[in-house]
Amino acid sequence: GSLCGRALRYAAIAGLLPFVLLAIVAYAWQRSAVIADAHQNLESIAAVQEARLTEYLEEAIEIADLVSTRGRIVEALVAVEADEPVDQELIQPALTGAVSGIPSLHGVAVFDATGTPVAEEGESQPIEGSLDSHLSNATVGRIHEGGDGVPLLTLTHPVVIDGQALGFIAIAFEAATVG
């Protein structure tokens, strides 16, 4: 309780105050540096993943191009367009060959211009989005779980002959190969 004791306590507190302020400033600076580094690392990871995904989707679209131009698939859709029956014995080997020939491919389905299934092989694919988008562009659906627990990504691709969309195909790819 003496005046001298109080003065010593205040002097000690006043002497520690610059160190406490310095520690707070150092902490804030270090925190900002860590956040900036984390942000930069996340941007780098995102750029790499974007490049991988773009490459994967380009490959998937190339495969869809190849599958959609198979003669039997086109013939089947031409038959549907002409109100003729589809010969499943002719189209099924084309679908089976596509699925068995491409390891990351788990299923192929063919749809006519009204969105009605014509033929299917392998895993069924949930089809999302408008019919117009499937008939005009390659579209990518959401990742879903396949029957064996493998994540699958569905891509649709129009089947176009002489500028007319006869239908589209839906292909289920193994999504685990993206990352």
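Refer to the structure presented above.
Residues numbered from 1 in each chain as written. Predicted model: local features only at pLDDT ≥ 70, side-chain atom pairs only at ≥ 80, totals over all residues. Heavy atoms only, no water.

A. Representation of the overall build of the protein within the structure. Tallying secondary structure elements over the protein gives four helices and five strands in all. Mapped from its N terminus to its C terminus, the protein presents α and β elements in the order α-α-α-β-β-α-β-β-β. The globule rule puts the C-alpha radius of gyration for 179 residues at 16 Å, and the 31 Å found for the protein is more than 25% above it. Here the protein holds 179 residues, and 30% of them are scored as buried. Sequence separation of 24 or more characterises 51% of the internal contacts of the protein that already satisfy a separation of 6 or more. When the accessible area of the protein is evaluated, it comes to approximately 11,100 Å², of which 61% is carbon and sulfur surface. (Helix = DSSP H or I, 4+ residues; strand = E, 2+ residues; numbered from the N terminus. Rg over C-alpha atoms; globule rule 2.2 N^0.38 Å. Buried < 20%, exposed > 50% of the residue type's maximum accessible area, 1.4 Å probe, protein only. Contact = heavy atoms within 4.5 Å. Areas by Shrake-Rupley, 256 points an atom, 1.4 Å probe, with all protein chains shown as cover.)

B. Looking closely at a negative patch on the surface. A cluster of acidic residues, Glu55, Glu58, Glu59, Glu62 and Asp65, forms a negative patch on the protein surface. Within the secondary structure, Glu59 sits in helix H1 (residues 3–68). Residue classification places Glu59 among the partly exposed residues on the basis of a relative accessible area of 43%. (Patch = residues over 30% accessible without salt bridge, like charges linked within 9 Å, V, L, I, M, F, W, Y side chains within 5 Å. Salt bridge = Lys/Arg side-chain N within 4 Å of Asp/Glu carboxyl O. Lys, Arg positive; Asp, Glu negative; His and termini not counted. Charge placed at Lys NZ, Arg CZ, Asp CG, Glu CD.)

C. Looking closely at the pairing of strand E1 (residues 105–112). The buried count for E1 comes to eight of eight residues, which makes it a mostly enclosed element. Where E1 and strand E5 (residues 164–174) come together, seven bridges link them in antiparallel fashion. Considered in E5, the bridge of Ala109 is made with Ala170. Judged from the five bridges that link them, E1 and strand E2 (residues 117–122) form a sheet pairing that is antiparallel. (Pairing = 2+ DSSP bridges.)

D. Focus on H1. Look at H1: 94 Å from first C-alpha to last across 66 residues, which is about the 98 Å you get at 1.5 Å a residue. The largest bend along H1 measures about 30° and falls at Leu17, with the proline Pro18 one to four residues further on. Here H1 has its buried residues at Tyr56, Leu57, Ala60, Ile63, Ala64, Val67 and Ser68. Next to the buried residues of H1 lie helix H2 (71–81), helix H3 (88–101), E1, strand E3 (139–145), strand E4 (151–161) and E5. (Expected span 1.5 Å × (residues − 1). Bend = angle between axes of the 7 residues up to and from the residue.)

E. Quick peek at the packing of aromatic side chains. Counted according to the given criterion, the structure contains one aromatic pair. Relative to Phe168, the ring of Phe111 lies with its centre 4.8 Å away and its plane at 10°, an arrangement referred to as stacked. Linking Phe111 in strand E1 with Phe168 in strand E5, this pair joins segments that are 57 residues apart in sequence. Both residues of the pair, Phe111 and Phe168, belong to the buried class. (Phe/Tyr/Trp six-rings, centres within 6.5 Å; stacked < 30°, edge-to-face > 60°.)

F. Quick look at the pattern of salt bridges. Scanning the entire structure with this criterion turns up two salt bridges. Of the charged contacts in the structure, one is a salt bridge between Arg72 and Glu75, with a shortest N-O distance of 3.1 Å. Of this pair, Arg72 and Glu75 both sit in helix H2, three residues apart, roughly one helical turn. A relative accessible area of 37% places Arg72 in the partly exposed class. Across the salt bridge formed by Arg142 and Glu128, the nearest N and O atoms sit 3.3 Å from each other. Of this pair, Arg142 sits in strand E3 while Glu128 is found in the loop between E2 and helix H4 (131–136), placing the two residues 14 residues apart along the sequence.

Read these as spatial facts, not as claims about activity.
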